[in-house]
Amino acid sequence: MTSIAQRKLTVVGAGYVGMTCAQLAAQKDLAAEICLIDIQEGRAKGIALDLDQMAAVEGFGTRVVGTGDPAATAGSDLFIVTAGLPRKPGMSRSDLLETNGKIVASIADYVRDGSPDAIVIVVTNPLDIMVHLMRARTGFPARRVVGMAGVLDSARFSWFIAEATGANVQDVDAMVLGAHGDSMVPLAHFCTVNGVQLEHLTDRATIAVLADRTRKGGGEIVGLLKTGSAFYAPAAASVAMARLILNDGRRLLLC
Ligand code: NAD
């Protein structure tokens, strides 16, 4: 992996998730340059300028460059792909398939051509299908195209467990596997609070309620926001994955 001094991270999509990814990655000094690309070029440029000015206060060294030009992404070490429509209340993630499929396919083409050695973290929904599309279209090996879901879904389960048990969320270790949708699998048996199995801390009925709320966790936020979907925790999960990959963090994250 390239040294931090030359590292280039591209965030595709400067919407809620993308701009928050750029902010978190810049504040963590993950790369020398973050390229933020959006079809709304002015939006990408405006957010990049705002983030560069934030560096004067926050003291990070990362330069954020906004663009609408795919050529500007060339030579990236890692992509976080957030471009595409989010859900509206009442929609399932798969309702986004046709529109977001076209968007992700067009992004895959310039990822492959301009950054043939890059690693890609896909965030756009419907996630599992978009990951497969990105992999098929780039021709990249599976280990270089991953989807962001397990870290987020586990974070949601962790929060509900912390609320129910009164624990500090940092002491909760939760695991959710499977597709990013209503069929995801919260694995209560593998959840612990400071090493103590969840099953010793609360009853089965409560665990079932927490698992169900986790499965519907994204929809709960969509319903509250009315327009758009969750972005703070999704961006934090994406940047946590990027950080581990770029820094060879040797930890196990779900993807
Ligand atoms: P948003 O509407 O705020 O932003 C999307 C951005 O993508 C817009 O700025 C739009 O101009 C841009 N865009 C559209 N086509 C593009 C293209 N071809 N190239 C570059 N940019 C393009 O949406 P959001 O809230 O940021 O969500 C983005 C996506 O992430 C949605 O599909 C959402 O469902 C998904 N999401 C996934 C997870 C997850 O767990 N995997 C979590 C949250 C959101």
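Look above for the structure.
Here is a short report on the structure shown in this document. (Residues numbered from 1 in each chain as written. Predicted model: local features only at pLDDT ≥ 70, side-chain atom pairs only at ≥ 80, totals over all residues. Heavy atoms only, no water.)

## A short note on the site of the ligand
Lining the immediate environment of the ligand, one finds 28 residues, of which V17, D38, L85, V123 and H180 sit closest. Separating an oxygen atom of the ligand from a backbone N or O atom of V17 is a distance of 2.8 Å. At a separation of 2.9 Å, a nitrogen atom of the ligand approaches a polar backbone atom of M148. Protein chains shield 89% of the accessible area of the ligand, which is 870 Å² for the free molecule. (Near = heavy atom within 4 Å. Polar contact = N/O pair within 3.5 Å; in protein donor to acceptor, adjacent residues only side chain to side chain. Areas by Shrake-Rupley, 256 points an atom, 1.4 Å probe, with all protein chains shown as cover.)

## Here we look at the sheet that holds strand β7 (residues 172-173)
Reading across from one edge, β7-β10-β11 is the order of the three strands in this open sheet, with antiparallel pairing throughout. Edge positions in the open sheet fall to β7 and β11 (196-197), since each of these has one partner strand only. Pairing geometry for strand β10 (residues 192-193) and β11, over two bridges, is antiparallel. Residue pairing across strands places V193 opposite V196, the latter belonging to β11. (Pairing = 2+ DSSP bridges. Helix = DSSP H or I, 4+ residues; strand = E, 2+ residues; numbered from the N terminus.)

## Some words on the pairing of strand β5 (residues 119-122)
Neither face of β5 is open: one carries I119 and I121, the other V120 and V122, and all of them are buried. The pairing of strand β4 (residues 78-81) with β5 spans four bridges and is classified as parallel. Its bridge partner lying in β5, I80 is registered against I121. Taking the sense of rotation as the criterion, the β-α-β connection linking β4, helix α3 (residues 97-114) and β5 turns out right-handed. As defined by bridge partners, β5 adjoins strand β6 (residues 145-147) across three bridges and the pair is classed as parallel. (Buried < 20%, exposed > 50% of the residue type's maximum accessible area, 1.4 Å probe, protein only. Right-handed = clockwise from strand over helix to strand, strands pointing away.)

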